[in-house]
Amino acid sequence: TYGRLLAKTLKHMGWWIPKPRQIVEVGAGLGYVSREMAKELSFFEKKDIKYLFLDLTRPFLTSQVQLAQEAGWKAHAINGNAEVLPLANNSVDLVIDNENLADMTPTQLTKEELESGQSGNPEHQATLELISRLRLNLDTPYPDEVIFNSGSIYFLRSEERRVGKECR
C-alpha cells in the first residue's frame, strides 16, 4: 500500500534516525495512510511520536484518530485549514499531504486581471502578486477566466516551511 511504501522509503532515506517527534498528516481522509505506515514500523519506531491529523472535514477526524491509535500511534486531530496551519513555527518533523493539494482554495482570475496584474479584489490581488513573485510563466493568450490553485502554493511555500523543522 502507499502507506507501507512511504514508511519503507522514509526509513531507507534515514528519516527515522533520529526518529521524528511529530508527524502531521493534512487531509488524511479516513486515516488509512497512518495505519498502513504503522505496519512497517516496530513498536519502538512509533513510540513517543505524536501523529497529528489536520483536516477541514470534521467527521473524518474520529476515524483518523481511531485507526492511528489502533495501529500504535499516539494520535490526535485538529479541525483546521492547511493554508493557515494552527501549529507553532518549527514544530513538525514530517508533513504528509497525500492527494490533497488539488482541494485547496482556488482563485478565479479574469483575463483582464492577468493581463494587467491588477485587481480590485484583495484576494485576487494577492494571487496576482504571488504569480509575479514566483515568476510563473502563464501561457498567453489568456482564456477569459483562469482558476489558479493559490491555496496549494500558500501551503507549500509558507505554511509547510514555517512549521517544518529543517529538512534532512
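Residues numbered from 1 in each chain as written. Predicted model: local features only at pLDDT ≥ 70, side-chain atom pairs only at ≥ 80, totals over all residues. Heavy atoms only, no water.

Enquirer: Honestly, the packing of aromatic side chains in this entry has me stumped. Any pointers?
Expert: Geometrically, a pair of aromatic rings is defined through the distance of the ring centres and the angle of the planes. For the coordinates displayed, the defined rule picks out three aromatic pairs. Ring centres 5.2 Å apart and planes at 80° place the aromatic pair Phe43 and Phe44 in the edge-to-face group. Phe44 matches Phe43 in its accessibility class, with the two residues each being exposed. Arranged with centres 5.0 Å apart and planes meeting at 40°, the rings of Tyr51 and Phe53 form a pair that is tilted. (Phe/Tyr/Trp six-rings, centres within 6.5 Å; stacked < 30°, edge-to-face > 60°. Buried < 20%, exposed > 50% of the residue type's maximum accessible area, 1.4 Å probe, protein only.)

Enquirer: Teacher, can you tell me more about the environment of Glu45 here?
Expert: By secondary structure assignment, the location of Glu45 is in helix H3 (residues 43-46). Residues Glu45 and Lys111 lie 66 residues apart in sequence; the distance between their C-alpha atoms is 52 Å. The contact partners of Glu45, leaving out residues within four places of it in the chain, are Lys11, Trp16, Lys19 and Glu40. A polar contact is formed between the side chain of Glu45 and the side chain of Lys11, at a distance of 3.2 Å. (Helix = DSSP H or I, 4+ residues; strand = E, 2+ residues; numbered from the N terminus. Contact = heavy atoms within 4.5 Å. Polar contact = N/O pair within 3.5 Å; in protein donor to acceptor, adjacent residues only side chain to side chain.)

Enquirer: What exactly am I supposed to notice about the side chain of Glu36 here?
Expert: Relative to the helices and strands, Glu36 is located in helix H2 (residues 32-38). Relative accessible area serves as the criterion here: at 8%, Glu36 is assigned to the buried category. Looking at Glu36, its side chain comes within polar contact range of the side chain of Thr1, at 3.1 Å. Setting aside its immediate chain neighbours within four residues, Glu36 contacts Thr1, Gly3 and Arg4.

Enquirer: Even after reading the chapter, I still don't get the packing of helix H6 (residues 122-133) against helix H7 (residues 150-163), so can you show me in this structure?
Expert: Helix-helix packing is characterised by the crossing angle of the two axes and by the distance between the axes. In contact at an axis separation of 11 Å, H6 and H7 are set at 60° when each is read in the N-to-C sense. Accordingly, the angle class assigned to the pair H6 and H7 is oblique. Our pair here, H6 against H7, has a crossing hand that is left-handed. Where H6 abuts H7, its residues Ala126, Thr127 and Leu130 lie against Ser150, Ile153 and Tyr154. Per-class residue counts for the contact of H6 with H7 are four nonpolar, two polar and no charged. (Axes fitted to C-alpha atoms, helices over the stretch in contact; angles between N-to-C directions. Parallel < 35°, antiparallel > 145°, perpendicular 65-115°, else oblique. Left-handed = near helix turned anticlockwise from the far one by under 90°. Nonpolar A, V, L, I, M, F, W, Y, C, P; charged D, E, K, R; others polar.)

Enquirer: Quick question: what am I supposed to make of the nonpolar core here?
Expert: Side chains of a nonpolar character, in soluble globular proteins, are inclined to be buried together. In terms of nonpolar packing, the biggest core is built from 21 residues, with Trp16, Ile23, Met37 and Trp73 touching the most fellow members. Sorting the residues of this core by element identifies helix H1 (2-12), H2, strand E2 (50-55), helix H4 (58-70) and strand E4 (94-97) as the ones contributing at least two each. If sequence neighbours within four positions are ignored, Met37 has contacts with Gly3, Arg4, Leu6, Ala7, Leu10, Trp16, Tyr51, Trp73 and Ile96. Of all hydrophobic cores here, the second largest spans eleven residues; its members include Val24, Leu54, Ala82 and Phe155. (Core = buried A, V, L, I, M, F, W, Y, C linked by side-chain atoms within 4.5 Å.)

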